[in-house]
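Overview (structure and organization)
Listed below, chain by chain, are the residues.
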Amino acid sequence: MTPEQISEILAKPYSQQLLNGTEPARFAYNGLDGDPRAVPIGFWMEGDKLLIATAPKAAKVAALKQNPKVALTIDTAAFPPKVLLLRGTAEVELADGIPEGYIIAGRKVMADEEQYQGWVAGVKDLYTDMVLITVTLTWAKLLDFETTIPKAVEDLVREKAGA
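Predicted, not measured: the structure shown is a model, and the values here were computed from it.

**Digging into the side chain of Thr134**
Note that Thr134 resides in strand β7 (residues 129-143). Classification of Thr134 as buried rests on a relative accessible area of 14%. In this view, Thr134 contacts Lys49, Leu50, Leu51, Thr89, Ala90, Glu91 and Glu93; residues no more than four positions away in its chain are not counted.

Next comes the structure, spelled out in structure tokens:
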């Protein structure tokens, strides 16, 4: 998939709602033992890159250094569901201090100002540095169940219509 095609998908209104909404991403990677992992995680976008910050000793840091291939999904629980599926390659680097994007991304999930300020204070007290995970997207698909559906369902609909 070309960067232009990925950008086109990310620019769609439902994609923007998911990227800027309160839903966490589900971040999938392979652990050092080779088994898959999927964890909910906060994120933010900078241009066409998806970024995540984490503790330097987080298990995902060592795993991503060994195998940088990742997948993410951001979705809603409402019906019809809205699902943004992403794949990419992760780069891992130690950040001096706390990335500003991490602090801003925390705002997405906390509507209460007092709760947010308490979280920010806790983050600043806990971390002296963080690891920045930068995902370069290689593939994207939006399923909105209005204009796009999974290919297997699309094929089944087409098959039934022809019957």
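Additional details are given in the paragraphs that follow.
**Concerning the nonpolar core**
If you look at the biggest cluster of nonpolar residues, it comprises 28 residues, and the most contacted ones within it are Phe27, Val70, Leu72, Ile74, Leu84, Leu86 and Val135. Only α1 (3-10), α2 (13-20), β1 (25-30), β4 (49-54), α3 (59-66), β5 (69-75), β6 (83-96) and β7 provide two or more residues apiece to this core. With six residues, the top contributor of residues to this core is β7. Apart from residues no more than four positions distant in its own chain, Ile74 is found in contact with Leu18, Leu19, Glu23, Pro24, Ala25, Phe43, Lys82, Val83, Leu84 and Leu86. Formed by 13 residues, the second largest nonpolar core is a distinct cluster that contains Trp44, Ala53, Tyr102 and Ala105.

**Here we look at the packing of aromatic side chains**
Scanning all chains against the criterion turns up four aromatic pairs. For the ring pair Phe27 and Tyr29, a centre distance of 5.7 Å and an interplane angle of 40 degrees mean the geometry is tilted. With respect to burial, Phe27 and Tyr29 carry one shared label: buried. Through a chain of ring-to-ring contacts, the aromatic side chains of Tyr102, Tyr116, Trp119 and Tyr127 assemble into a single cluster.

**A few points about the sheet that holds β5**
Read from one edge of the open sheet, seven strands run β2-β1-β5-β6-β7-β4-β3, paired in antiparallel fashion. Edge strands, defined here as strands with exactly one partner in the open sheet, are β2 (36-41) and β3 (44-46). Each strand of the sheet is rotated relative to its neighbour by a mean of 35 degrees, with strand direction disregarded. Two elements, β5 and β6, share seven bridges in a ladder whose sense is antiparallel. Each residue of the ladder has a partner; that of Val70, found in β6, is Gly88. Contacting β3, β5, β6 and β7, α2 crosses the sheet at an angle of about 40 degrees to β6.

Conventions and cut-offs
Residues numbered from 1 in each chain as written. Predicted model: local features only at pLDDT ≥ 70, side-chain atom pairs only at ≥ 80, totals over all residues. Heavy atoms only, no water. Helix = DSSP H or I, 4+ residues; strand = E, 2+ residues; numbered from the N terminus. Buried < 20%, exposed > 50% of the residue type's maximum accessible area, 1.4 Å probe, protein only. Contact = heavy atoms within 4.5 Å. Core = buried A, V, L, I, M, F, W, Y, C linked by side-chain atoms within 4.5 Å. Phe/Tyr/Trp six-rings, centres within 6.5 Å; stacked < 30°, edge-to-face > 60°. Pairing = 2+ DSSP bridges. Axes fitted to C-alpha atoms, helices over the stretch in contact; angles between N-to-C directions.

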